[in-house]
Each structure stands twice: as structure tokens, then as C-alpha cells.
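Results of the structural survey
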Amino acid sequence: MKFAVLVFPGSNCDIDMYHAIKDELGEEVEYVWHTATSLEGFDGVLVPGGFSYGDYLRCGAMANQSNIMTALKEFAGQGKPVLGVCNGFQILTEAGLLPGALIRNKNLKFMCRTVQLKVENNNSLFTNQYEAGEVINIPIAHGEGNYYCDEETLTELKANNQIAFTYEGENPNGSLADIAGIINKEGNVLGMMPHPERAANEIVGGADGLKLFKSIVKQWREQHVNN
């Protein structure tokens with residue numbers, strides 16, 4: 001499986017994402033600059049965290065105007081896996097690939113620490129290697145991670161089982177319904193504020209995030225290799 005890691009001016013988690021795929025997962029991966037116009041040849045796309053374009057206007061708003069976003073929307077429309085983490089999640093909401101928005105943390109402070117997440121849906125492209133209800137430890141690092149959507153959207157998210165992860169025990173940012181990560185209705189786009197790529201090796205404090213990437217590869221291989 002071959003992954004693309006998108007890189008915008010201000011991205012700062014692209015190297016972490018690249019390392020997780022290449023060195024921990026053992027799959028192919030390449031950086032793709034924001035000026036590119038094609039994602040041909042890739043099987044999955046990773047939109048990393050950081051402060052794209054300095055978070056001017058809104059987090060992810062200017063990144064959504066980049067050349068590569070047209071190709072990303074087409075890629076997602078083909079049912080291929082797209083993962084957006086932290087600023088990547090913000091970019092996916094700005095692009096309309098995921099509903100809702102990420103606003104300032106409730107305490108108005110940037111937070112960087114490990115939190116506990118509960119796996120709400122383990123029957124997805126991104127979570128099939130977890131147990132239902134499993135509690136995992138994943139780092140966060142954000143100032144605008146407070147997920148918000150209207151009541152109708154929240155009802156749909158729950159009805160369609162689109163809430164992938166919730167904060168367990170402590171909600172660090174005030175997110176509605178403790179939401180930490182959601183998937184689209186089609187199931188091929190996941191956005192989450194916590195950083196699974198920073199939890200891919202026990203030497204850095206844990207490897208709970210590696211199962212997410214293994215889940216993507218498992219489903220892709222079942223669809224493209226085993227057939």
C-alpha cells in the first residue's frame with residue numbers, strides 16, 4: 001500500500017506521519033506538496049497536523065484553497081482512505097469532507113499531553129484492529145480542537161455510527177458529546193484531533209495509534225490483494 005503525506009506551509013507533523021508509515025508500518029510513503037494537482041498512484045492520503053498557513057482566517061481555511069485539495073476531494077470521492085489528524089481534521093471540515101467545525105478549546109489554551117480515547121466504532125476502515133469500547137492512550141497537541149456541530153448533524157453522526165473516538169474520563173477541549181474523531185457517511189474519511197502517529201512505538205510512550213494504520217492496511221489488502 002502506498003500513502004501520500006500532504007505538506008502545506010506550516011505543517012509540522014508530516015515527518016511524524018511519514019515515520020509512522022515507513023518505519024513502524026513498513027509501507028510505502030511519499031510527501032506530496034500542496035501545489036501538486038494529482039494523487040494518482042496513491043492508495044491512501046494522510047493530512048497531517050501543524051499550523052497550515054499560520055492558521056490565518058481559520059484553522060485549515062487557507063489550506064483548503066490549495067491546488068492539492070481538488071485532487072483530495074476527488075480521491076475521497078472514489079472511496080479511497082483519507083485520514084486527517086489535528087490540523088488535518090480542521091482542513092477536512094473546511095473542505096466539506098467531514099461535517100462540523102473545530103473551534104477554540106474551552107479553556108482558550110493550547111494543550112499538549114496524552115489523553116484516553118474510547119473506541120466507539122471498531123467496524124470501520126480505520127478501527128477494525130481495535131476492540132469495541134477499547135480505551136487507548138493517544139497524545140493531543142492543539143489550541144482549536146473543540147468539535148462542534150448543530151443538533152441535526154450530531155443526531156446523524158450518532159445514528160450512522162460515525163463517531164469513531166470519544167474522550168474517555170476527561171474531555172480536554174470541550175468537544176460536543178466528547179467527540180475526538182469522526183468518519184464520513186461513506187466510511188473512508190476519518191478526522192481526529194489526537195495524534196495516532198505519535199503513538200506508534202513503545203519507545204515514545206505507547207503504540208496504541210499503530211493499530212489505526214494497521215486497520216487501513218488490513219482492509220486495503222483484503223480488497224486489493226487477497227482478491
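Cut-offs applied
- Residues numbered from 1 in each chain as written.
- Predicted model: local features only at pLDDT ≥ 70, side-chain atom pairs only at ≥ 80, totals over all residues.
- Heavy atoms only, no water.
- Helix = DSSP H or I, 4+ residues; strand = E, 2+ residues; numbered from the N terminus.
- Rg over C-alpha atoms; globule rule 2.2 N^0.38 Å.
- Buried < 20%, exposed > 50% of the residue type's maximum accessible area, 1.4 Å probe, protein only.
- Contact = heavy atoms within 4.5 Å.
- Areas by Shrake-Rupley, 256 points an atom, 1.4 Å probe, with all protein chains shown as cover.
- Lys, Arg positive; Asp, Glu negative; His and termini not counted.
- Charge placed at Lys NZ, Arg CZ, Asp CG, Glu CD.
- Pairing = 2+ DSSP bridges.
- Axes fitted to C-alpha atoms, helices over the stretch in contact; angles between N-to-C directions.
- Arc of directions from axis to C-beta.
- UniProt positions renumbered as here; feature names shortened; annotations may be inferred.
- Polar contact = N/O pair within 3.5 Å; in protein donor to acceptor, adjacent residues only side chain to side chain.

**Considerations on the overall build of the chain**
Secondary structure assignment for the chain yields 5 helices and 11 strands. Rg of the C-alpha trace for the chain: 16 Å, near the compact-globule value of 17 Å for 227 residues, within the 12% margin. With the C-alpha coordinates aligned to their principal axes, the bounding extent of the chain is approximately 45 × 40 × 40 Å. Buried residues in the chain amount to 54% of all 227 residues. Across the chain, every contact between residues at least 6 apart in sequence was considered, and the portion connecting residues at least 24 apart equals 73%. Carbon and sulfur atoms provide 46% of the accessible area of the chain, an area that totals close to 10000 Å². Here the chain holds 17 positive side-chain charges and 28 negative ones, and the gap between their average locations is 2 Å.

**A look at the sheet that holds strand β1 (residues 2–7)**
Sheets are built from strands paired through backbone hydrogen bonds, the pairs being either parallel or antiparallel. With mixed pairing, 9 strands are arranged side by side in an open sheet as β2-β1-β3-β4-β11-β10-β9-β6-β7. Of all the strands in the sheet, the pair left with one neighbour each is β2 (28–33) and β7 (135–142). Across the sheet, the mean angle from the axis of one strand to that of its neighbour is 25 degrees, orientation sign disregarded. One ladder, built from 6 bridges, connects β1 with β2; its direction is parallel.

**Concerning unusual backbone geometry**
At Y53, a position not held by glycine, the phi torsion is positive, near 55 degrees. Position of Y53 among the secondary structure elements: in the loop between β3 (44–47) and α2 (68–77).

**So, helix α4 (residues 151–159)**
For α4, the full list of buried residues reads T153, L154 and L157. Seen along its axis, α4 keeps its buried residues to an arc of 100 degrees; they face one direction. For α4, the exposed residues set more than 90 degrees away from the buried face come down to E151, E152 and A159. Looking at the buried side of α4, the elements it contacts are β8 (146–148), β9 (163–167) and β10 (179–183).

**With respect to the UniProt feature "active site" (unreviewed entry) in the chain**
With numbering matched to this structure, UniProt assigns "active site" (unreviewed entry) to C86, H195 and E197. Spanning 112 residues, the annotated positions come together in the fold, the maximum distance between their C-alpha atoms being 11.0 Å. Here H195 lies in the loop between β11 (189–192) and α5 (210–224). Within the secondary structure layout, E197 lies in the loop between β11 and α5. Since its relative accessible area comes to 4%, E197 is described here as buried. Discounting chain neighbours no more than four positions away, the residues touching E197 are C13, D16, M17, A20, V85 and F213. Of note is the side chain of E197, whose polar atom sits 2.7 Å from the side chain of H195.

**Considering helix α3 (residues 87–94)**
Each full turn of the α-helix corresponds to 3.6 residues, which orients residues three or four apart in the same direction. By the criterion of burial, α3 is predominantly enclosed, with 7 of the 8 residues buried. When we look at burial in α3, the residues that qualify are N87, G88, F89, Q90, I91, L92 and T93. Just downstream of α3, G96 is the residue with a positive phi angle, here 80 degrees.

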